[in-house]
Amino acid sequence: MGGFKPKCLQPEAEIIKNRQKESLAKGILNTLAKSQKKVEKNKKDKKEYNNTEILKKIKKIAGNSNRQVQQTEIKLSITDINKIQNHVKKFWNVSYAASEVKMVITLKIRTSVDGSIKSVIIYDKNLYQKDKFYRATADTARRAVLDSSPLPLPKGKEKKFENFLFDFDPSFITNY
Amino acid sequence: MRNYLNSSFFKVLIFFYSFLISNSFADDVRIKINSGQVEPLPIAIADFTGGEGKANEIGRQIAEVISNNLVGSGQFKAVESAAFIAPPTSPSVRPNFTDWTPLGIKALITGSVKNINEQQVEVEFRLWDVIAETDLIGLRLSVNEKSWRRVAHIISDEIFERLSGDSGYFDTRIVYVAESGAQNKRLKRLAIMDQDGENHQYLTDGSFLVLTPRFSPTTQEITYLAYFKNEPRVYIFNLETGEQELLGSFPGMTFAPRFSPQGDKIIMSLAEKGVTDIYTMNLNNQEVVRLTNSPSIDTSPSFSPDGKKIIFNSDRGGSQQIYIMDASGKNIKRISYGQGRYATPVWAPKGKLIAFTKMFKNTFYIGVMSPDGSGERLLAKGYLVEGPTWAPNGRVLMYFKQDAPIDDGKSSSVNLYKIDITGFRETRVITPSDGSDPAWSPLIPN
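Residues numbered from 1 in each chain as written. Chains lettered and ligands numbered in written order. Predicted model: local features only at pLDDT ≥ 70, side-chain atom pairs only at ≥ 80, totals over all residues. Heavy atoms only, no water.

A. Broad picture of the interface of chain B and chain A. Listed per partner, the contact involves 50 residues of chain B and 53 residues of chain A. Interface area, chain B with chain A, both sides summed: about 4,700 Å², of which 58% is carbon and sulfur. Inspection of the chain B/chain A interface yields eight salt bridges. A salt bridge links R162(B) to D139(A), with the shortest nitrogen-to-oxygen separation between them at 2.8 Å. Put simply, chain B and chain A have 19 residue pairs in polar contact (both at pLDDT 80 or more) between them. Those elements that provide at least two residues to the side of chain B that touches chain A are α2 (8-22), β1 (30-33), β2 (41-45), β7 (134-144) and α4 (148-164) of chain B. Here the side of chain B that touches chain A is built from residues that sort into 21 nonpolar, 14 polar and 15 charged. (Contact = heavy atoms within 4.5 Å. Buried area = accessible area lost by both parts, 1.4 Å probe. Salt bridge = Lys/Arg side-chain N within 4 Å of Asp/Glu carboxyl O. Polar contact = N/O pair within 3.5 Å; in protein donor to acceptor, adjacent residues only side chain to side chain. Helix = DSSP H or I, 4+ residues; strand = E, 2+ residues; numbered from the N terminus. Nonpolar A, V, L, I, M, F, W, Y, C, P; charged D, E, K, R; others polar.)

B. Just the sheet that holds strand β22 (residues 333-334) of chain B, in detail. Reading across from one edge, β19-β20-β21-β22 (chain B) is the order of the four strands in this open sheet, with antiparallel pairing throughout. Edge positions in the sheet fall to β19 (298-303) and β22 of chain B, since each of these pairs with one other strand and no more. (Pairing = 2+ DSSP bridges.)

C. Summary view of the sheet that holds strand β31 (residues 434-440) of chain B. All names here are of chain B. Strand order across the open sheet formed by four strands is β10-β9-β8-β31, with antiparallel pairing between neighbours. Strand pairing shows two members of the sheet lacking a second neighbour, β10 (201-202) and β31, which therefore form its edges. The pairing of strand β9 (residues 187-194) with β10 spans two bridges and is classified as antiparallel. When the sheet's bridge partners are listed, A191 is paired in β10 with Y202.

D. Structural view of the packing of helix α3 (residues 53-72) of chain B against α4(B). All names here are of chain B. The N-to-C vectors of α3 and α4 enclose an angle of 45 degrees; their axes lie 9 Å apart at closest approach. With respect to α4, the element α3 is oriented oblique. Handedness of the crossing formed by α3 with α4: right-handed. Contact residues: α3 offers I58, Q61, I62, V65, I66, N69 and L70, while α4 offers W148, R149, A152, H153, I155, S156, I159 and F160. The residue makeup of the contact of α3 with α4, split by class, is ten nonpolar, four polar and one charged. (Axes fitted to C-alpha atoms, helices over the stretch in contact; angles between N-to-C directions. Parallel < 35°, antiparallel > 145°, perpendicular 65-115°, else oblique. Left-handed = near helix turned anticlockwise from the far one by under 90°.)

E. Spotlight on the domain arrangement of chain B. All names here are of chain B. Here the domain parsing of chain B yields domain 1 (7-164) and domain 2 (173-440). Domain 1 and domain 2 are separated by 37 Å when their C-alpha centres are compared. In total, domain 1 and domain 2 occlude about 790 Å² of area from one another, counting both sides; carbon and sulfur atoms represent 55% of this. The tally of links between domain 1 and domain 2 comes to two salt bridges. Note that R149 is salt-bridged to D196, the shortest N-O span being 3.6 Å. Where domain 1 meets domain 2, there are three residue pairs in polar contact (both at pLDDT 80 or more). Elements with a contribution of two residues or more to the side of domain 1 that touches domain 2: α3 and α4. The element that contributes the greatest number of residues to the side of domain 1 that touches domain 2 is α3, accounting for four residues. (Domains from an automatic or database assignment.)

Following this line, the structure appears as structure tokens:
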């Protein structure tokens, strides 16, 4: 009995082993064959990946841009604008020498959602350096914007004021 | 890499990216601010720090003069130093702006004075924008310590120009007629002082009557009218050399000589045979040219800054009014049409305004109008206000004001005043005695 079992078992085990070997060999061959295909596919995919990734990025950017366009389509009412104008003009303390400035002073503004001013940039740096009247008046405009923080942004339309422009026009100062 | 840069993908990418950058400040939200306030700017002038006692004292005095100058311009409001939270700092130290914003201060001036040797001091200042948290201008000067007052005026001019855009007018002088004594024996001397009334000096001794001093717009020279043995004479006085030159004796009456903008001519009125007309005299060859010829009284002529036009007052229309004409005397046209009588027109240095004296219903006024007569604004009034003169930047006027006579028959006092052209701030200029007929100098050359 004792020698039988192994005998009986041996061939079966061998068969199983052989089958395992065969399947293993087949598996290896398959794997090799598949990996060969994979390498080829990867090369192809890599090319496609490069293109699709860039396209995806462009789409993402374009998508953002579309979203921006959609956001700017949120209409600002005259009341929205007037509210901000009336708020800021209270802080604009200008010298009467500003009557010498014959143009509007544009400031680039960045705000947070709560209306607080993140940055104010005087747009025309060249004129700021060259023209002493422009420089002094642009400084008064910058002070007005910083002093007026936070701006009373219309609810639900705050995104529109993330980046926007103020045009300060000193032409109301006449006869000085 | 090169191929990559030339690839269509990269070009598309650049296009989109540049599109986004250009639109990062999308101009679809663009808000116009077209009104504001013209009010004095709140400023803080900290005492200039100094190492030792003397430097410290000079620093304190410089800060005081700067404060008086800026506040006197009507464009600034100085916050009392007692309210300061932080002590004065050196101009090289960036201030803690949060110490100043609670006081409503928009601009801060810090400075220092250091002894270089026994005579010389180094004065430094810096102007800070408290709201933008940045420095706007700074200056360092090494001067004789006795010149500290002039240094204060120069610093005031720098600050004024940086904050307003306009040239300053603090480093200037005033010549005027100093009056003293009883009404029937009035002593009238020519005197000169800084625009704030300091450094006062008499130029004549009172042995003869002086009237209508006027500064040259180009040099430190004065023209004035003097009565010598009852004969009116026009003189030129050079302030640098102290020399006096007689331009000429004019029979009859001579009035109000005034320089042309180039300083090469004198324009005045002469009374002859009952009529008063306007003449010019060339200072190089003494040539006299008659510009008006009418039976009326034409007087108080003043050139436009470009020398092409002349304004004057005349009663040729029945009452005293302001007229304009070409420098040749042609194309005479009336420009004042308000109620009352108008006199002593003076063209502003920038040419946009004319200052005048107006008399209406027993009250005198000092006002300004455009050269076409429009936009009349009255700035000051009194029993007698007269003789406006412009600061060189055309933003401030000085004039003299006399109060109503007192019941005891004695003459009331006559004093000099200045006012900014908004009419916001009228300030008396303190003089040792009564003063009339002021004339403002151009900026003193460095």
